[in-house]
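The lines below spell out each chain.
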Amino acid sequence: MTAPHDVPDLTGSGEYLVPDVLEAGLTLVLVGTAPSGISARARAYYANPENKFWRMLHTVGLTPRQLAPQEYATLPQYGLGLTDVAKRHSGVDAALPGEAWRPDELRRKVAHYRPRIVAFTSKRGASETLGVPTGKLPYGPQPQPLDWPAETELWVLPSTSPLGHNHFRLEPWQALGDRVRDLRGAAEAGNPSPENPVL
């Protein structure tokens, strides 16, 4: 998991509260906002036992079993990666200071690693990165910004946080699981570029 000097990869340095899980060739990179206090203390993604993230990965077929948060570094073997928009702060989105958000850093990572799909696990992270109000961001695939790598699809998913439980919807996660299966099947069949989903 190396990166050029203009794309910070601070695994093990202590600056990132939880290390990135990024490498070339990933089918899907899931992007959170910032680690919760529980995740920051555990140094693991989505470590709150009431967070549905790891259960959703298994439910929609992205992993063959439900992984524990401490197994996050094994995700590349399933073609998956993880990062956040705010890597150096923890807590609920509304309490994060303005300087916590680093959308340009995220964009550089996407441009460098070029996963097939980037999916934000909340509207807030997508909003901070894309400059679009959360109310104007539907769940599911999004139009690609002009400065986004052409081969990288952009998705927005309902948050799996217990704070968003009342607003959670399974369908966008299921659609993402279906899309990842389509891409995996096309790659196995020797066609790495199946049609993009209709927006």
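This text follows the structure it describes.
Please read these numbers as outputs of a predicted model, since none were measured by experiment. (Residues numbered from 1 in each chain as written. Predicted model: local features only at pLDDT ≥ 70, side-chain atom pairs only at ≥ 80, totals over all residues. Heavy atoms only, no water.)

Enquirer: So what's going on with the sheet that holds strand β2 (residues 80-84)? Which residues, and what values?
Expert: In spatial order, the strands read β2-β1-β3-β5-β4; together these five strands make up an open sheet with mixed pairing. The open sheet is flanked by β2 and β4 (140-142), the only strands paired with a single partner. Ignoring which end each strand starts from, the neighbouring axes of this sheet average 30 degrees apart. Two elements, strand β1 (residues 28-32) and strand β3 (residues 117-120), share four bridges in a ladder whose sense is parallel. Residue L30 lies in a different strand from β3, and its bridge partner there is A119. (Pairing = 2+ DSSP bridges. Helix = DSSP H or I, 4+ residues; strand = E, 2+ residues; numbered from the N terminus. Axes fitted to C-alpha atoms, helices over the stretch in contact; angles between N-to-C directions.)

Enquirer: How would you summarise the nonpolar core if you had to cite specific residues and measurements?
Expert: Within the largest apolar cluster, 29 residues are counted, with the highest numbers of intra-cluster contacts made by L28, L30, W54, L82, W173 and L176. The set of elements that each furnish at least two residues to this core consists of β1, α2 (53-59), β2, β3 and α5 (171-188). When neighbours within four sequence positions are excluded, L82 is seen to be in contact with D20, V21, L22, V29, L30, Y45, Y46, F53, W54, Y72 and L75. Judged by nonpolar contacts, the second largest core, of 16 residues, contains L26, F120, W148 and V156. (Core = buried A, V, L, I, M, F, W, Y, C linked by side-chain atoms within 4.5 Å. Buried < 20%, exposed > 50% of the residue type's maximum accessible area, 1.4 Å probe, protein only. Contact = heavy atoms within 4.5 Å.)

Remember, this is a structural readout, not a statement about activity or role.
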